Amino acid sequence: MLTAEKMLISRLIYTLLICSCLHLMGCVGAGNEKTAIPPPYTAEISQEREEAQLAFLSDCIRNRIDLANSYYHRARIYTQRYQFELALSDINHAISTKDNVGEYYLLRGKINRELNHLDAAMQDVERAEALQQNDPKLYVLMADILQEKNKINESSRYLNAILSLAPYDASAHYVKGMLQMKTGDTLAGLKSIEHALELNPRLFRGYSSAYQLYLSQNDPENALRILGKGLEYFPGNTEVIINLARFLKDHHRPDSSLIYYRELRLRDKENLELAADMADAYFKNRNYQEALQIYEEIETQNPNFPLINYYIGACQEKLWRWNTAKAYYVKELELSPGSPEARQGLWRISQLENERLETSENRDQNQDQLRTLDDSRIRISPILPRQIQD
């Protein structure tokens, strides 16, 4: 009897094993049928993932699920997207919910560093270190803050230790470049910053610093190259586009700069500084009527905008409306006594008026000379009456 039961149990186990194997094979087959090569990574895919993550984390925050961690992760995404004000708000919420996590303070230190809140960033870094946060990025951030505060020796000590532990850290090489530049070795500094950008092409501050350094070295070709590379990795970044537009305008390519200025104006129509830059580009491109229209819009919104009356007067001068131009120059002098720009504008118009007057007098003299032609050396025979033949 026991033997029969054992045989029955064995058969049942054997049957179950076969069914399980068949089921697994079916799952694998079905999986193979649906297998597809994943699409290549693109910025669009990355943005879609970030949007999905933000939506998920926002739902978690709304439903108060793991609140501190949800705020922290959403702040990280905002930081990656360079939306630092939103990131700072979220990380502050995370820390107010749970104030004993070193990672939270490290992230807030990075955000404060990007916002140039150096003292607050240093406090966050020190708090993160006290909470046993030993990430090398902590010391890179500390070295970066110290070099920004011109504490060169302290920053160098941290940096040397970091480079021995993390020789391929892009931020460390960026800090190294800034230290080299501040100690007078600009070429070595540029080389280090360029190396940092090779290690991490999305190190935004690297592009800005390298661009300014190349301009200071009177190297417009490399400055433009860095801006182009920055625009490649940050196509929608306002700071990169503004720098590119201003570079083209200041290097005798105002027509090209207007392409970027128009894009910027569509994004921010209330920015009067940007509007004045765009009007200057139109002026340098000899489109004085468009420049005048923008300057008049600025005057309407802010009559006290610096030198606005001079700019309008300069446009009127180029359009040969000298009396109107003089009125604006006089108005600028009333608002800013001794303004060299307005005084120079009045001087230019007086010179133009004198030239016109001299030209008019010369023309009158030439006409008089034609009427009083010197005929002393010309023999003129009198006209005799016609003889009448018989």
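In case you missed it, the structure is sitting above this.
About the thresholds
Residues numbered from 1 in each chain as written. Predicted model: local features only at pLDDT ≥ 70, side-chain atom pairs only at ≥ 80, totals over all residues. Heavy atoms only, no water. Helix = DSSP H or I, 4+ residues; strand = E, 2+ residues; numbered from the N terminus. Buried < 20%, exposed > 50% of the residue type's maximum accessible area, 1.4 Å probe, protein only. Contact = heavy atoms within 4.5 Å. Areas by Shrake-Rupley, 256 points an atom, 1.4 Å probe, with all protein chains shown as cover. 1 Å grid on protein atoms, 1.4 Å probe; cavity = no way out; pocket = protein on both sides within 12 Å on 5 of 7 lines; lining within 4 Å. Points joined across faces, edges and corners; volume = space filled by probe spheres on them. Nonpolar A, V, L, I, M, F, W, Y, C, P; charged D, E, K, R; others polar. Salt bridge = Lys/Arg side-chain N within 4 Å of Asp/Glu carboxyl O. Phe/Tyr/Trp six-rings, centres within 6.5 Å; stacked < 30°, edge-to-face > 60°. Axes fitted to C-alpha atoms, helices over the stretch in contact; angles between N-to-C directions. Parallel < 35°, antiparallel > 145°, perpendicular 65-115°, else oblique. Left-handed = near helix turned anticlockwise from the far one by under 90°. Core = buried A, V, L, I, M, F, W, Y, C linked by side-chain atoms within 4.5 Å. Lys, Arg positive; Asp, Glu negative; His and termini not counted. Polar contact = N/O pair within 3.5 Å; in protein donor to acceptor, adjacent residues only side chain to side chain.

### Some words on the overall build of the chain
On a plain count of helices and strands, the chain comes out with 19 helices and zero strands. Counting the 390 residues in the chain, one finds 36% classified as buried. Long-range pairs, those at least 24 residues apart, make up 46% of the contacts in the chain with a sequence separation of at least 6. For the chain, the exposed area adds up to about 25,000 Å²; of that, 52% sits on carbon and sulfur atoms.

### Quick notes on the layout of surface pockets
Rolling a probe over the atoms, with the probe sized like a water molecule, indicates the empty space that remains. Approximately 230 Å³ is the volume attributed to the second largest pocket. Residue lining of the second largest pocket: Tyr 82, Phe 84, Arg 113, Glu 114, Glu 148, Tyr 174, Phe 204, Arg 205, Ser 209, Asn 237 and Glu 239, and that is the complete set. Sorting elements by how many residues they give to the lining of the second largest pocket places helix α11 (residues 204-216) first, with three residues. When the residues that make up the lining of the second largest pocket are grouped by side-chain class, the tally is four nonpolar, two polar and five charged.

### Notes on the pattern of salt bridges
Under the defined criterion, the tally for this structure stands at 21 salt bridges. Salt-bridge contacts for Glu 148 lead to Arg 113; the nearest nitrogen and oxygen are separated by 3.2 Å. Residue Glu 148 is located in helix α7 (residues 136-148), and its partner Arg 113 is located in helix α5 (residues 102-114); the two are separated by 35 residues in the primary sequence. A relative accessible area of 25% places Glu 148 in the partly exposed class. A salt bridge links Glu 194 to Arg 225; the shortest N-O distance between them is 2.5 Å. With Glu 194 in helix α10 (residues 186-199) and Arg 225 in helix α12 (residues 220-233), the pair connects residues that are 31 residues apart, well separated along the chain. Residue Glu 194 is classed as buried on the basis of its relative accessible area, which comes to 13%. Through salt bridges with shared partners, one network takes in Arg 246, Lys 249, Asp 250, Asp 277, Asp 280 and Lys 284.

### Re the packing of aromatic side chains
Scanning all chains against the criterion turns up 13 aromatic pairs. Aromatic pair Tyr 82 and Phe 234: ring centres 5.3 Å apart, planes at 85°, arrangement edge-to-face. Note that Tyr 82 is positioned in the loop between α3 (67-80) and α4 (84-97) and Phe 234 in the loop between α12 and α13 (238-250), a separation of 152 residues in sequence. Note on Tyr 82: relative accessible area 24%, which makes it partly exposed.

### Observations concerning empty space enclosed by the protein
Evaluated as defined, the whole model comprises one cavity of 30 Å³ or more. Volume-wise, the largest cavity comes out at about 70 Å³. Phe 204, Tyr 207, Ser 208, Tyr 211, Ile 226, Leu 227, Gly 230, Glu 239, Val 240 and Asn 243 are the residues that line the largest cavity. Ranked by residue count, the leading element in the lining of the largest cavity is α11, at four residues.

### Regarding the packing of α12 against α13
At a closest axis distance of 10 Å, the pairing of α12 and α13 adopts a crossing angle of 150°. Looking at the two axes, α12 sits roughly antiparallel to α13. Read as a crossing pair, α12 and α13 show a hand that is left-handed. Where α12 abuts α13, its residues Pro 220, Ala 223, Leu 224, Leu 227, Gly 230 and Leu 231 lie against Val 240, Ile 241, Asn 243, Leu 244 and Phe 247.

### Thoughts on unusual backbone geometry
One non-glycine residue, Asn 150, lies in the positive phi region at around 60°. With a phi angle near 55°, Asn 218 is a residue other than glycine that sits in the positive phi range. With respect to the element layout, Asn 218 can be found in the loop between α11 and α12. Looking at Asn 218, the relative accessible area reads 67%, which means it is exposed.

### Focus on the nonpolar core
Burial of nonpolar side chains together is a common tendency in soluble globular proteins. Membership of the largest hydrophobic core comes to 62 residues, with the highest contact counts inside it found for Ile 91, Tyr 104, Ile 111, Ile 145, Tyr 174 and Ile 226. Of all the elements, α7 adds the most residues to this core, at eight residues. Beyond its immediate chain neighbours, meaning those up to four positions away, Tyr 174 contacts Asp 144, Ile 193, Ala 196, Leu 203, Arg 205, Gly 206 and Ser 209. In terms of nonpolar packing, the next biggest core, distinct from the first, is built from 24 residues, Met 278, Ile 294, Ile 308 and Tyr 328 among them.

### A word on the side chain of Arg 108
Structurally, the position occupied by Arg 108 is in helix α5. Setting aside chain neighbours within four positions, we find Arg 108 in contact with Leu 88, Ile 91, Asn 92, Ile 95 and Asp 124.

### Things to note about the environment of Gln 344
Within the element layout of this structure, Gln 344 appears in helix α19 (residues 340-371). Judged by its relative accessible area of 47%, Gln 344 is partly exposed.

### Some points on the side chain of Asp 169
By the element assignment, Asp 169 lies in the loop between α8 (152-165) and α9 (170-182). Within the buried set, Asp 169 has no salt-bridge partner at all; the shortest N-O distance to an opposite charge, 6.3 Å, is to Lys 137. Separated by 3.0 Å, the side chain of Asp 169 and the backbone nitrogen of Ala 172 make a polar contact. Apart from the residues lying within four places of it in its own chain, the contact partners of Asp 169 are Lys 137, Val 140 and Leu 199.

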